[in-house]
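What follows is each chain in one-letter form.
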Amino acid sequence: MTQSLLHQILDYANRADPYPIYEELRKTPVHHEEDGPYVVGTYYEIRSLLHDPRISSDARNLASTARDPLAESAQEGSALPPSFLRLDPPEHDRLRRMTNRPFGPPHSPHRVDGMRGELRDIVAGLIDGIGDPGRIDLVEEFSYPFPVTVICRLLGVPREDEARFHTWADTIAASLDPDPDADPTERGKESHEARMQLGMYLAGLIEERRKKPGDDMLSELATAKGPDGAMTTMELLSTAALLLIAGHETTVNLVTNGMLTLLRNPDVLQRLRADPRLAVPVVEELLRFEPPVQLVPQRTPLADIEIHGVTIPKGASLWLVLASGNRDPQRFENPDRFDPDRRDIQHLGLGSGIHSCFGAPLARLEAQLALAELARRLENPRLLEDPPPYRQNAVLRGPRHLPIACDGIRP
Amino acid sequence: MNGDASLEQLRREGRVVIVGASLAGLRAAETLREKGFAGSLTMIGDEPYEPYDRPPLSKQVLLGMAGADRTALPRRRALDATWRLGVPATGLDMAAGRVRLADGDEVPYDRLLIATGVRARPWPHAAEAELDGVFVLRTRDDGAALARRLAERPKRVLVIGAGFTGSEIASACRERGLAVTVAERAAAPLVGALGGVVGAVAAELQREHGVDLRCGVMVTALEGDATGRVRAAHLSDGSSVETDVVIVSLGATRNTEWLAGSGLGAGPRGIACDAGCRAFDIRGIVTDDIYVAGDVARSPHALFGYQFLSLEHWGNAVSQAETAAHNMLSASSDRLPHLWMPAFWSSQFGVNIKSVGVPTLGTEIVVSQGSLADRRFVGVYGYQGRVIGAVAFDHARWLPFYQELIETTVPFPPPFPTVDRRPEGRRPVDADFPDPSVPTHGPTVTLSGYSPADRRMTFTPAH
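Residues numbered from 1 in each chain as written. Chains lettered and ligands numbered in written order. Predicted model: local features only at pLDDT ≥ 70, side-chain atom pairs only at ≥ 80, totals over all residues. Heavy atoms only, no water.

- Going by the annotation in an unreviewed UniProt entry, the name recorded for chain B is Pyridine nucleotide-disulfide oxidoreductase, with Streptomyces aurantiogriseus given as the source organism.
- What UniProt states about chain B under its Cofactor (unreviewed entry) heading is, verbatim, "FAD". (UniProt positions renumbered as here; feature names shortened; annotations may be inferred.)

- In the nomenclature of an unreviewed UniProt entry, chain A is known as Cytochrome P450 of Streptomyces aurantiogriseus.

## Side note on the confidence of the model for chain A
Caution applies to low-pLDDT parts of the model: their predicted coordinates are not meant to be read in detail.
Phase 1: Overall, the prediction assigns chain A a mean pLDDT of 92, with 94% of residues at 70 or greater.
Phase 2: A low-confidence stretch, residues 72-77 of chain A stays under pLDDT 50, and its non-local contacts, those more than four residues away or across chains, total seven contacts. (pLDDT = per-residue confidence, 0-100. Contact = heavy atoms within 4.5 Å.)

## Focus on the environment of Ala78(B)
Phase 1: Assignment of secondary structure puts Ala78(B) in the loop between helix H3 (60-63) and strand E3 (82-85).
Phase 2: Residues Ala78(B) and Leu361(B), spaced 283 residues apart in sequence, show a C-alpha to C-alpha distance of 41 Å. (Helix = DSSP H or I, 4+ residues; strand = E, 2+ residues; numbered from the N terminus.)

## Overview of the domain arrangement of chain B
Residues and elements named next belong to chain B.
Phase 1: As far as domains go, chain B holds domain 1 (3-119 + 253-334), domain 2 (122-250) and domain 3 (343-444).
Phase 2: Facing 17 residues of domain 1, the contacting portion of domain 2 comprises 15 residues.
Phase 3: Carbon and sulfur atoms make up 61% of the surface buried where domain 1 meets domain 2, a total of about 1,500 Å² over both sides.
Phase 4: Of all residues in domain 1, the largest losses of buried area upon contact with domain 2 belong to Tyr49, Leu62 and Leu63, amounting jointly to 39% of the total for that side.
Phase 5: Notably, a salt bridge pairs Arg138 with Asp295, separated by 3.2 Å at the nearest N-O pair. (Domains from an automatic or database assignment. Buried area = accessible area lost by both parts, 1.4 Å probe. Salt bridge = Lys/Arg side-chain N within 4 Å of Asp/Glu carboxyl O.)

## Some thoughts on the sheet that holds strand E4 (residues 89-93) of chain B
Residue and element names in this part refer to chain B.
Phase 1: A sheet is described by the order of its strands in space; here three strands give the open sequence E4-E5-E6, paired in antiparallel fashion. Looking at which strands have only one partner, the edges of the open sheet turn out to be E4 and strand E6 (106-108). Looking at each pair of strands side by side, their axes are set apart by 25° on average, direction ignored. (Pairing = 2+ DSSP bridges. Axes fitted to C-alpha atoms, helices over the stretch in contact; angles between N-to-C directions.)

## Points about the packing of helix H12 (residues 233-264) of chain A against helix H14 (residues 279-289) of chain A
All names here are of chain A.
Phase 1: Where H12 meets H14, the axes come as close as 10 Å, and the angle between the chain directions of the two elements is 100°. The orientation of H12 relative to H14 falls into the category roughly perpendicular. Contact with H12, carried on its side by Leu254, Asn257, Gly258, Thr261 and Leu262, involves Val282, Leu286, Leu287 and Phe289 of H14 and no other residues of that element. (Parallel < 35°, antiparallel > 145°, perpendicular 65-115°, else oblique.)

## Observations concerning the pairing of strand E5 (residues 296-301) of chain A
A regular strand places its side chains on the two faces of the sheet in alternate fashion.
Residues and elements named next belong to chain A.
Phase 1: Across the six residues of E5, five count as buried, placing the element largely inside the fold.
Phase 2: Bridge count for strand E3 (residues 55-56) against E5 is two bridges, and the pairing is antiparallel. Within the sheet, the bridge partner assigned to Ser56 lies in E5 and is Thr300. (Buried < 20%, exposed > 50% of the residue type's maximum accessible area, 1.4 Å probe, protein only.)

## A closer look at the state of the cysteines
Phase 1: What the rule picks out here adds up to zero disulfides over all chains.
Phase 2: The thiol sulfur of Cys173(B) is not disulfide-bonded, and the nearest other cysteine sulfur, from Cys215(B), lies at 17 Å. (Disulfide = S-S within 2.5 Å.)

## Quick look at the interface of chain B and chain A
Phase 1: Chain B puts 15 residues into the contact, and the matching count from chain A is 19 residues.
Phase 2: Each partner contributes to the roughly 1,500 Å² buried at the junction of chain B and chain A, and carbon and sulfur atoms together form 63% of this total.
Phase 3: Among the residues of chain B in contact with chain A, Arg397(B), Trp398(B) and Val419(B) are the three that bury the most area, contributing 40% of the side total.
Phase 4: The tally of links between chain B and chain A comes to zero salt bridges.
Phase 5: The interface formed by chain B and chain A holds four residue pairs in polar contact (both at pLDDT 80 or more) in total.
Phase 6: Tallying contributions element by element places helix H9 (residues 399-407) of chain B first for the side of chain B that touches chain A, with four residues.
Phase 7: Counted by class, the side of chain B that touches chain A contains seven nonpolar, three polar and five charged residues. (Polar contact = N/O pair within 3.5 Å; in protein donor to acceptor, adjacent residues only side chain to side chain. Nonpolar A, V, L, I, M, F, W, Y, C, P; charged D, E, K, R; others polar.)

## Description of the UniProt feature "domain: Reductase C-terminal" (unreviewed entry) in chain B
Phase 1: Following the UniProt record, the feature "domain: Reductase C-terminal" (unreviewed entry) maps to residues 344-413 of chain B here.
Phase 2: A helix fraction of 13% and a strand fraction of 51% characterise residues 344-413 of chain B, whose end C-alpha atoms lie 23 Å from each other.

## Topic: the pattern of salt bridges
Phase 1: A complete count under the given rule lists 54 salt bridges over all chains for this structure.
Phase 2: Among the ionic pairs, Asp128(A) bridges to Arg377(A), the shortest N-O distance being 2.6 Å. Within this pair, whereas Asp128(A) is found in helix H6 (residues 116-128), its partner Arg377(A) is found in helix H16 (residues 360-377), the two being separated by 249 residues in sequence.
Phase 3: Judged by its relative accessible area of 53%, Asp128(A) is exposed.
Phase 4: In this structure Arg377(A) comes out as buried when scored by relative accessible area, which is 6%.
Phase 5: Residue Glu257(B) is joined to Arg119(B) by a salt bridge in which the shortest nitrogen-to-oxygen separation is 2.8 Å.

Right under this line is the structure:
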């Protein structure tokens with residue numbers, strides 16, 4: 001083997017199937033190449049590190065000498081303060097707590113479930129709008145627009161502005177997924193422009209909602225009167241941007257990976273068609289089998305820590321490869337088998353610990369409804385390309401297009 | 001008949017009797033069936049109800065969010081069992097392998113699991129305990145009766161004892177907008193389980209939520225009116241509290257009386273068993289056919305100096321039941337030890353409290369994350385230079401890390417920095433546990449010494 005493991009993980013040629021590389025990775029508890037990040041790929045070690053209070057998510061604790069080939073794409077050109085994804089307690093806790101207040105239990109136990117009908121309508125509308133059933137790009141026509149619309153409704157973006165919102169989101173998402181053929185300066189400018197416009201738009205919307213609040217999440221965040229008070233406009237912008245970006249690409253990939261996996265496992269697809277309740281275990285297994293976030297690249301120890309005799313020095317860049325942990329045979333029987341009947345399914349697909357996926361309940365529901373409905377309505381669906389073309393991004397991994405065909409679309 | 005053949009016969013047509021039809025009993029029964037036990041299964045319970053969940057009784061049920069009759073435990077699988085509900089077991093004949101029931105029946109067994117749990121310790125003065133308006137909270141009926149009374153909006157509720165149950169009851173009453181007085185013999189709530197440093201936080205929390213908290217006092221008498229309704233309580237500091245509802249929350253008593261004279265190592269501390277859940281007899285010899293699980297069990301734990309621990313924890317009941325069920329059907333080389341890490345949770349005054357390990361063993365505490373003043377923190381307990389327990393207030397997601405520290409016997413104070421370490425987290429302080437010989441409401445973990453047949457403990461009510 002001539003290429004280093006790290007290089008192979010990042011190499012686009014391996015995007016369609018990174019799992020053999022992860023198998024290599026798991027042979028050492030901590031993989032480290034000169035100057036590079038410390039990479040951990042075994043289940044129990046990842047789980048421990050996700051709960052370890054010696055590990056920081058705050059980039060300010062990263063030593064300036066730490067080299068991370070993924071660092072540049074993280075948050076380029078953003079004038080916003082770091083979102084709670086990149087903060088440690090107590091700031092992380094405060095912002096996440098405030099964001100959760102209008103989103104989940106105990107204060108808003110019905111927010112996500114209350115969106116069920118709306119999600120169904122969006123799914124139905126997108127499937128109705130599919131053009132030629134002989135050649136569908138599931139990403140373009142379904143997975144991509146779906147979560148953006150959902151986030152618009154969640155935040156309370158007026159319907160007439162949704163189209164603009166989609167355009168900005170597309171541009172920003174593209175910047176997270178550098179196309180090697182495009183001009184980087186041009187793309188950087190476009191993405192910066194889109195962030196600015198989105199920020200200005202949201203700032204205006206926040207102002208409006210402060211004056212005339214609705215029952216949407218942005219209104220509640222802008223007018224919060226809980227024990228933590230209300231967020232500043234900057235904090236609110238940062239949080240809204242986080243919800244948009246973190247909730248978008250991940251859901252696109254979850255739904256697309258889901259359909260791809262189902263089409264590769266037609267018996268499961270058939271069962272799901274017959275019984276939409278299977279969507280719940282299907283999505284859980286999917287989060288294990290093809291997690292939308294393959295690795296967490298932004299952690300660093302506050303002190304030297306030792307794992308199985310390897311010292312990860314303070315300030316080093318630390319990667320936790322969730323997708324590898326999910327395939328660890330020490331933890332899961334037949335880990336490379338897609339098996340929705342698996343009962344022991346404590347996967348790492350949504351992370352764990354204080355940074356575990358904020359939008360998890362919404363993402364699960366989105367994917368469950370989408371996959372159940374696609375299974376029900378697409379007649380005799382099949383893959384036109386396998387593997388499909390993937391995005392560049394090694395972290396938020398998923399197909400760029402998913403060309404499929406079907407015989408027709410059931411009402 | 002060799003061992004394998006007799007085990008095979010046991011699995012195929014043996015008779016398993018489970019005394020105690022609550023969480024531990026149910027989970028053990030389900031595990032037996034899951035492991036292929038095809039013989040007869042008898043479930044004996046003194047309450048008339050199928051297994052139900054107790055944690056909601058002091059929370060959702062008192063808040064009126066769910067009826068006490070809606071607490072049935074979810075079933076993992078069909079059991080195909082004979083249920084003898086509402087009929088307490090009254091005796092055990094170890095030689096004959098029979099359980100005696102209150103209705104005179106005798107049920108023979110090849111393997112017996114005892115999961116009779118605990119009951120609420122009653123108010124020590126029987127006549128006062130009989131007054132209308134005096135409650136304890138342990139069972140579904142207790143929960144239903146108390147919830148009904150709270151819905152009548154009493155003018156004031158008095159909770160005697162500020163352990164976890166008492167504090168949760170006080171919290172629910174405040175959430176319902178009822179005036180509450182809490183009387184606690186120790187210096188603060190929760191001290192028996194978490195020590196005085198954390199207890200002080202719990203005290204602030206109660207006062208901030210409008211509880212009239214009186215610590216360092218005992219209730220000396222309950223007074224009724226002419227119709228037999230409680231109307232006041234008299235306290236050791238000379239004061240009295242006018243109240244129409246009194247909830248006695250003084251911890252639990254182990255249900256072992258029915259085993260008196262059976263020869264089993266059962267007493268007020270519980271039933272001693274080995275790490276494989278097999279009960280000891282009174283001579284300190286382990287039995288082959290009698291197993292114990294749940295609150296009534298006390299068993300040695302390797303991580304805590306092999307002391308016998310009694311754990312009144314939900315998760316312990318489940319784990320110990322599963323281990324007991326496995327071992328009942330296994331050859332000695334296949335048996336598993338019950339090495340569950342003690343852990344419990346409570347929810348009160350809007351705060352999620354969670355703990356791992358054995359805080360009660362701790363002599364010192366250091367706040368490793370967050371701050372006591374914010375009431376969001378992790379407190380780590382140290383004992384003889386190692387980490388022995390941890391408690392989290394609204395910080396539960398970190399606890400798996402501290403569990404690993406306990407499992408790997410990491411030195412105390414933990415010698416490394418953590419996120420959100422405040423100045424107060426630089427130095428350990430005395431954890432301030434009360435003298436364990438002074439009974440309070442009782443901690444949820446009890447260290448009960450080394451002797452498998454210890455029957456000598458007597459509880460002397462303070463009142």
